[in-house]
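Chain residues, written in single-letter form:
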Protein chains: 2
Amino acid sequence: MNIPRTSFPRVVIIGGGFAGVALAKKLSKQEVQVVLLDKHNYHTFQPLLYQVSTGGLEPDSIAYPIRKILKDFPNFYFRLASVEEINTDQNKVITNIGDLKFDYLVVASGSKTNFFGNSEIEKYSMAMKTIPQSLNLRSLILENFEEALLTSDLNERNALMNFVIVGGGPTGVELAGALAEIKKGILPKDYPDLDTRLAQIHIVQSGDCILKGMSEKASQKAEDFLEKLGVNIWKNVRVTNYDGKTVTTDTDLTFETATVVWAAGVKGATIKGLDSTDFVTRGNRILVNEYNQIKNFQHIFAIGDIACMVTEAHPFGFPMMAQPAIQQGKQLGDNLLRIIEEKPLKPFVYKDKGAMATIGRNKAVVDLKNVKFQGVFAWYVWMFVHLFFLIGFRNRMVVFVNWVYNYIRFDREARLIIRPFKRN
Amino acid sequence: MNIPRTSFPRVVIIGGGFAGVALAKKLSKQEVQVVLLDKHNYHTFQPLLYQVSTGGLEPDSIAYPIRKILKDFPNFYFRLASVEEINTDQNKVITNIGDLKFDYLVVASGSKTNFFGNSEIEKYSMAMKTIPQSLNLRSLILENFEEALLTSDLNERNALMNFVIVGGGPTGVELAGALAEIKKGILPKDYPDLDTRLAQIHIVQSGDCILKGMSEKASQKAEDFLEKLGVNIWKNVRVTNYDGKTVTTDTDLTFETATVVWAAGVKGATIKGLDSTDFVTRGNRILVNEYNQIKNFQHIFAIGDIACMVTEAHPFGFPMMAQPAIQQGKQLGDNLLRIIEEKPLKPFVYKDKGAMATIGRNKAVVDLKNVKFQGVFAWYVWMFVHLFFLIGFRNRMVVFVNWVYNYIRFDREARLIIRPFKRN
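Residues numbered from 1 in each chain as written. Chains lettered and ligands numbered in written order. Predicted model: local features only at pLDDT ≥ 70, side-chain atom pairs only at ≥ 80, totals over all residues. Heavy atoms only, no water.

## Considerations on the domain arrangement of chain A
Often, the extent of an interface is quoted as the loss of accessible area on bringing the components together. Residue and element names in this part refer to chain A. Where we set the bar: Domain boundaries shown here were taken from an automatic or database domain assignment. What makes two residues a contact is simply this: any of their non-hydrogen atoms within 4.5 Å. Defined here as a combined quantity, buried area equals the accessible surface (1.4 Å probe) lost by two parts on assembly, summed across both. Between Lys or Arg on one side and Asp or Glu on the other, a salt bridge is scored when a side-chain nitrogen of the former is within 4 Å of a carboxyl oxygen of the latter.
With domains assigned, chain A is organised as domain 1 (10-39 + 81-113 + 267-340) and domain 2 (119-264 + 361-409). Look at where the C-alpha atoms of domain 1 and domain 2 centre, and you get two points 32 Å apart. If you look at the interface, domain 1 gives 7 residues, while domain 2 gives 5 residues. Between domain 1 and domain 2 lies a buried interface of about 450 Å² when both sides are counted; carbon and sulfur atoms form 64% of it. Among the residues of domain 1 in contact with domain 2, Ser 111, Thr 113 and Gln 323 are the three that bury the most area, contributing 63% of the side total. Viewed at the interface, domain 2 and domain 1 are joined by 0 salt bridges.

Encoded structure:
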């Protein structure tokens, strides 16, 4: 890869998610050369992907060009590349567009959907970790409704209008809520000849509560909200397979459905050459010390979802969310400058800012450190926080316009099948 | 197709463009059943497609769900379908989702890119008539820049940064202007290691002026604007081929380029069964009388781009633009009601509202009936008119936010490669 060598040490960052971008920003205008590699040319604001899937937001308003984030930083290089391997002996990253030497390497490759080895589920169900995946889901939902109009077979129509979401975490809950609002607000207007009652939304949850990481109160209230919206929640049920038609579970329960959204878990996106069992741990994450260093290395780090930093409060690592990623990115930026200046490193301390999830219009749950609340005010807090963390003034404005419009009009206008999914 | 038969006569409209939508709106709440068929579930505001291709607008803000346009109209049916054939003997439309009988049929299938039978050009060049095509072009432009960074072969880099637009009509001119602004405003910031001067934008025009349908003054001024922006205009040059690498012309001129945008012409999108040489004329359009009736038929009509209505002022039919389409749609709506009420039909009279094109920031040309002007004021008029004709309040707001942002910040933030084009 033709990136000029300068007298500055070269930091290669793999991944332009929350962690990688926070780190790169921290290093901007410092005496280091930063090379950021990502297979997309944009940063994705993942917490709002479910709104893309359900037509509430356009994809472009939750994406931000990576080159623009760091356009005023003279020592910053971005390359659109897929990393294929890391050669730790030669301090080299091997990509589809050539090799790249590094002085410091930061793996911020994030996480990917975990199908727990079930290839049928992987083949037939929908994931929602990237913008193209979210757009595929948007197309599929709308194509299902169009198809439901055409069939005279009631079972088939049922399956087309049945939505099974596997996993009751924030993604599953937020998507279920949005689908329930589509059922209530859009379906009767857009498809007056379809019987809305056929549209069923199911959350299948292997554990005994939804929003497991949050407080009991939040979990209970989210369940109430979802039930009010008509979502069916199946707890203590584990999905065992989906063959494109029928979802089977470890109980007698089965679902006939054309749409399964797999939100049951993620795992670290490890890279060949840095996947030793020495440090790859539970959930395919890379064990790091309190400086985000990977075992056996002084100059190779992992941050964000891919990193598993074990602390007393978090024996299995921090939750795979934006906050730990952003905080680790910033902290590692400071620490890299300390290494270069030969100063001692500072250990990472996670500031838990809480968690939140939205279920629908005026319905959200918020757990902060000292206060937990649910309902309308929580919903406003949720929106404010998401607007605040969204990158880019234009994106904020466009998202804001959409939200105000959707709120006033009970609408979601981006119900567009731009690229059909089924015909692909 | 399972659409219930009622006592109302059934009007089947093929195509949800300007003409089809204007007609359907006119017939809403009348005593007719309307079935609109389109292969997309949205209406596309084609005049702004070039802004999608150049990252200035998100695709979703120029698309509008067809079902929503007519959601309060009880006798309106939409079906997502590709029409395969029309059987005029049996008054039947044959589609990929089944057959449909009609009492009245309106063909509003619009136009498609005319490659004049050159299959190599069709294979290798980019068209810009639909949202997916515009997104492909957006991806290609950005992928070219990313690739240009990687190559050490100067010829290849040159080709990747060279853009050839064939056709100097509004589409070609507007796209060229937008690309010139990217060259000036975005390229130096996003790709500091690329030599911006290599980025060349060419318009190749077979005739002796650009914007042929407009006034001489507009054409001349547009040319001045483009030249100021650094666009190369080649007049009286006809492109003869493009093999994916080299554009050849009927002169000595050739271009080495990775990107050819074909904006050299459109032709009517005729449908099998309604393609008799009795009435299919110049440019593959269907000859209609002053009531938009197709020859030999009382109950089959064509409106918009596909229709060729010959008048003294327009011996080759009206220009293939939004205005004639909208006006014909409205007029035919009235006439269909007259037919049903057994009243005499009213002939269509085209109200020429003029034409306009934008070249870039503060640069547009406007020809109205009695006044022609160019420059900043024309640019404001252009924006106002386009906002006004855009369907949907949310779309208008989002486009407005983007335009204000782009204007103030000299920016285009939707420079996202959501679906890579080259890897497909």
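## Some points on the pairing of strand β6 (residues 83-87) of chain B
Put simply, the rule is: Note: two strands are recorded as paired if DSSP finds a minimum of 2 bridges between them. Helix and strand assignments follow DSSP, with helices taken as H or I runs no shorter than four residues and strands as E runs no shorter than two, numbered in order from the N terminus.
Where β6(B) and strand β7 (residues 92-95) of chain B come together, 4 bridges link them in antiparallel fashion. Bridge pairing in β7(B) links Val83(B) to Thr95(B).

## Considerations on the UniProt feature "domain: FAD/NAD(P)-binding" (unreviewed entry) in chain A
Under the convention used in this document: UniProt positions are given in the numbering used here, feature names are shortened, and annotations may be inferred rather than shown by experiment.
Under the local residue numbering, the UniProt record ascribes the feature "domain: FAD/NAD(P)-binding" (unreviewed entry) to residues 10-329 of chain A. Helix makes up 30% of residues 10-329 of chain A and strand 27%, with an end-to-end C-alpha separation of 16 Å.

## Here we look at the packing of helix α10 (residues 376-389) of chain B against helix α11 (residues 393-409) of chain B
All names here are of chain B. How we decide: Simply put, an axis is a line fit to the C-alpha atoms, just over the touching stretch for a helix, and the angle between two N-to-C directions goes from 0 to 180 degrees. Under this scheme an angle from 65 to 115 degrees is roughly perpendicular, one under 35 degrees roughly parallel, and one over 145 degrees roughly antiparallel; angles in between are oblique. Crossings are sorted by hand: turned counterclockwise from the far helix by less than a right angle, the near helix makes the crossing left-handed, and turned clockwise it makes it right-handed.
As a packed pair, α10 and α11 sit with axes 10 Å apart at the nearest point and diverge in direction by 155°. Of the possible angle classes, the one that applies to α10 and α11 is roughly antiparallel. Seen along the crossing, α10 lies across α11 with a hand that is right-handed. Residues Trp 379, Tyr 380, Trp 382, Met 383, His 386, Leu 387 and Phe 388 of α10 form the contact with α11, whose participating residues are Arg 396, Val 399, Phe 400, Trp 403 and Tyr 407.

## A word on the interface of chain A and chain B
Put simply, the rule is: Polar contacts, as counted here, are pairs of nitrogen or oxygen atoms within 3.5 Å of one another; within protein the pair requires one atom able to donate a hydrogen and one able to accept it, and residues that are adjacent in sequence qualify only if both atoms are side-chain atoms. Classes in brief: Ala, Val, Leu, Ile, Met, Phe, Trp, Tyr, Cys and Pro nonpolar; Asp, Glu, Lys and Arg charged; the others, Gly included, polar.
With 50 residues of chain A at the interface, the matching set in chain B holds 50 residues. Contact between chain A and chain B buries roughly 5000 Å² in total, counting both sides, with carbon and sulfur atoms accounting for 54%. Two residues, Arg394(A) and Glu58(B), come together in a salt bridge whose shortest N-O distance is 3.1 Å. Summed over the shared surface of chain A and chain B, the number is 24 residue pairs in polar contact (both at pLDDT 80 or more). Those elements that place two or more of their residues in the side of chain A that touches chain B are β4 (63-65), α3 (66-69), β5 (76-80), α5 (131-150), α7 (170-190) and α11 (393-409) of chain A. Split by residue class, the side of chain A that touches chain B holds 25 nonpolar, 6 polar and 19 charged.

## Topic: the environment of Ala24(A)
Its location among the elements puts Ala24(A) in helix α1 (residues 18-27). Leave out the neighbours within four places in its chain, and Ala24(A) touches Ile13(A), Val34(A), Leu70(A), Phe73(A) and Phe76(A).

## Focus: the relation of the copies chain A and chain B
A rotation about some axis, followed by a shift along it, carries one copy of the chain onto the other. Keep this limit in mind: Superposing copies: least-squares fit, C-alpha atoms only, residues required to have pLDDT of at least 70 in both.
With an axial shift of 0.0 Å and an RMSD of 0.0 Å, the rotation relating chain A to chain B amounts to 180°. Such values leave the two copies arranged in the relation of a two-fold axis. Relative to the rotation axis, the closest C-alpha in chain A is found at Val398(A), a distance of 2.9 Å.

## A look at the pairing of strand β20 (residues 285-288) of chain A
All names here are of chain A. As paired strands, strand β19 (residues 280-281) and β20 are joined by 2 bridges and run antiparallel to one another. From the neighbouring strand, Val 280 faces β20, where its bridge partner is Ile 286. Two successive antiparallel strands, β19 and β20, enclose a turn made up of 3 residues, where Gly 283 displays a positive phi of approximately 70°. Pairing of β20 with strand β22 (residues 307-309), which is carried by 3 bridges, proceeds in the parallel orientation.

## Concerning the sheet that holds strand β22 (residues 307-309) of chain B
Two pairing modes exist for strands in a sheet, parallel and antiparallel, and in both the strands are linked by backbone hydrogen bonds. Pairing is mixed in the open sheet, where 3 strands are placed in the order β19-β20-β22 (chain B). The outermost strands of the open sheet, each flanked by one partner alone, are β19 (280-281) and β22 of chain B.

## Remarks on the side chain of Asn395(A)
Assignment of secondary structure puts Asn395(A) in helix α11. In this structure the side chain of Asn395(A) is engaged in a polar contact, spanning 2.9 Å, whose partner is the side chain of Arg394(A). When near neighbours in sequence (up to four residues on either side) are disregarded, Asn395(A) contacts Asp60(A), Ser61(A), Ile62(A), Ala63(A), Tyr64(A), Leu390(A) and Glu413(B).

## Re the pattern of salt bridges
Heads up, the rule is: For each residue, the accessible area found with a 1.4 Å probe, counting protein chains only, is set against the maximum for its type, and the residue is called buried under 20%, exposed over 50%, and partly exposed in between.
If you walk through the whole model with that rule in mind, you get 38 salt bridges over all chains. The closest approach of N and O atoms between Glu413(B) and Lys68(A), which form a salt bridge, is 3.7 Å. A residue pair is termed interchain when its members come from two chains, as with Glu413(B) in the segment after α11 and Lys68(A) in helix α3. For the pair Glu413(B) and Lys68(A), a shared accessibility class is recorded, and that class is buried. Of the charged contacts, one joins Asp411(B) and Arg415(B) as a salt bridge, the two residues approaching to 2.9 Å between their closest N and O atoms. Just as Asp411(B) is buried, Arg415(B) falls in that class too. Linked through salt bridges whose partners overlap, the residues forming this network are Glu58(A), Asp190(A), Asp411(A), Glu413(A), Arg415(A), Lys68(B) and Arg394(B).

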